[in-house]
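Here's the letter readout for the chains.
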Amino acid sequence: CGAQCERAPGDARESHQYLSLMGFEYLITGGQGFFGAWIARRLLEEEASFVLTDLQPDDRVLRQVLSEEEIGSLNIRFGDISSGEFVQELVEEVRPARIIHLAGLQVPTCKSDPVLGAKVNVTGTLNVFEAARRQEGGVGCVVYASSAAVAGPQEDYHGKIADNAAHSPRTQYGVFKLCNEGNARLYWQEHGLPSVGLRPLTVYGVGREVGITSGPTKAIRAALLGEEFTVPFSGVTGFNYIQDIADDFIGASKKHGTGALALNAPGEIHDVREFLDLVEAEVPGAANRLHCEGDPVPVAWDCSESGLEALLGDVPHTPIGDGIKATIIEFEKLKARGLLSA
């Protein structure tokens, strides 16, 4: 899945260059979520045209990342990504030049209700690819949120883990993401639809609310509120600051046009305790209030980033010290607006 597949015969991707004149530059699924809010923030800075879609109105994350004026300017459509009819009609209406597909359920929900997890994470992704390949003139690229969770734990591997390494994920969520990568490859081979799946690990920043790896972000918020907090995992992981991930998605959507890629995005490799020590050092009075316990996240972290480097050139990497400081600043802005709470 990580290797670029051969070019499909009869491919006609040139038309996507003028699709933005006829429709929107981007369609972003899961647009009210953590990734979606930050990608919207970056696209607003670029003055790009885009449409967000999500299941139902819920601006709790958007309000943490965007101003009220920015939220008011958003074009949002609501519907169920697991409905093929809804997705098809939406794509026909929006006519996006590129799709960034982020909609999905996190590890805890996929574990407690794997049927629902498959319906949203797998069927929903198939609906996006099917609508994209049916769009008249084609979609230039689909960039979708895969996950480092496609990998098993670090002990499954020897040496740097390549993009196309064989994986045995330890969660239903990881199995679903690996399935999506395989389907993306087939949509290139059979329909000539280009795609990139990105595999971040622990992504942190304002707006991160759900999922096992939301713990480090919640620790920063707790420190600013003067509270104790325990991250429910320990050990080494890959930390990605959310602004970097937003730039990865947007950059991949602009630069990729041939093949189906699934690319590691390991970020900065650190122990969770080191991350918390940096938070405590930055927030007065936070010393000894932040803890971590439990097993490490069962996902390998020693991954090669060569594929992402080949695609993007310079891969953005915010050192965790700088990313923590930036997150503290964002949380302090929310505190000043009365929006920071546990």
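Up top is the structure.
None of these values were measured; they are calculated from a predicted model.

(A) Summary view of the nonpolar core. Core analysis: the biggest nonpolar cluster contains 72 residues, and Ile-28, Ile-39, Val-196, Phe-249 and Phe-275 have the highest contact counts within it. The element that contributes the greatest number of residues to this core is helix α2 (residues 34-46), accounting for 7 residues. In this structure Phe-275 touches Tyr-204, Pro-216, Ile-220, Phe-239, Ile-320 and Ile-324, once residues within four positions along its chain are discounted. If you look at the next biggest cluster of nonpolar residues, it comprises 21 residues, including Val-128, Phe-129, Val-139 and Tyr-144.

(B) Layout of the pairing of strand β6 (residues 195-200). The element β6 is largely enclosed, with a buried count of 6 among its 6 residues. Burial of β6 is two-sided: the residues Ser-195, Gly-197 and Arg-199 facing one way and the residues Val-196, Leu-198 and Pro-200 facing the other way are all buried. Inspection of the sheet shows strand β5 (residues 141-145) paired to β6 by 4 bridges, in the parallel sense. Residue Ala-145 lies in a different strand from β6, and its bridge partner there is Leu-198. Following the backbone out of β5, through helix α8 (residues 172-191) and into the adjacent parallel β6, one traces a crossover that is right-handed. Sheet analysis places β6 next to strand β10 (residues 260-265), joined by 6 bridges and oriented parallel.

(C) The packing of α2 against helix α10 (residues 242-255), seen in detail. Two elements in contact, α2 and α10, have axes whose closest approach is 9 Å; the angle formed by their N-to-C orientations is 65°. Here α10 runs roughly perpendicular to α2, going by the angle between their axes. Both α2 and α10 take part in a crossing whose hand is right-handed. Two secondary-structure elements touch here, α2 through Phe-34, Phe-35, Trp-38, Ile-39, Arg-42, Leu-43 and Glu-46 and α10 through Ile-242, Gln-243, Ile-245, Ala-246, Asp-247, Phe-249, Ile-250 and Lys-254. Of the residues that constitute the contact of α2 with α10, the class distribution is 10 nonpolar, 1 polar and 4 charged.

Calculation rules
- Residues numbered from 1 in each chain as written.
- Predicted model: local features only at pLDDT ≥ 70, side-chain atom pairs only at ≥ 80, totals over all residues.
- Heavy atoms only, no water.
- Core = buried A, V, L, I, M, F, W, Y, C linked by side-chain atoms within 4.5 Å.
- Buried < 20%, exposed > 50% of the residue type's maximum accessible area, 1.4 Å probe, protein only.
- Helix = DSSP H or I, 4+ residues; strand = E, 2+ residues; numbered from the N terminus.
- Contact = heavy atoms within 4.5 Å.
- Pairing = 2+ DSSP bridges.
- Right-handed = clockwise from strand over helix to strand, strands pointing away.
- Axes fitted to C-alpha atoms, helices over the stretch in contact; angles between N-to-C directions.
- Parallel < 35°, antiparallel > 145°, perpendicular 65-115°, else oblique.
- Left-handed = near helix turned anticlockwise from the far one by under 90°.
- Nonpolar A, V, L, I, M, F, W, Y, C, P; charged D, E, K, R; others polar.

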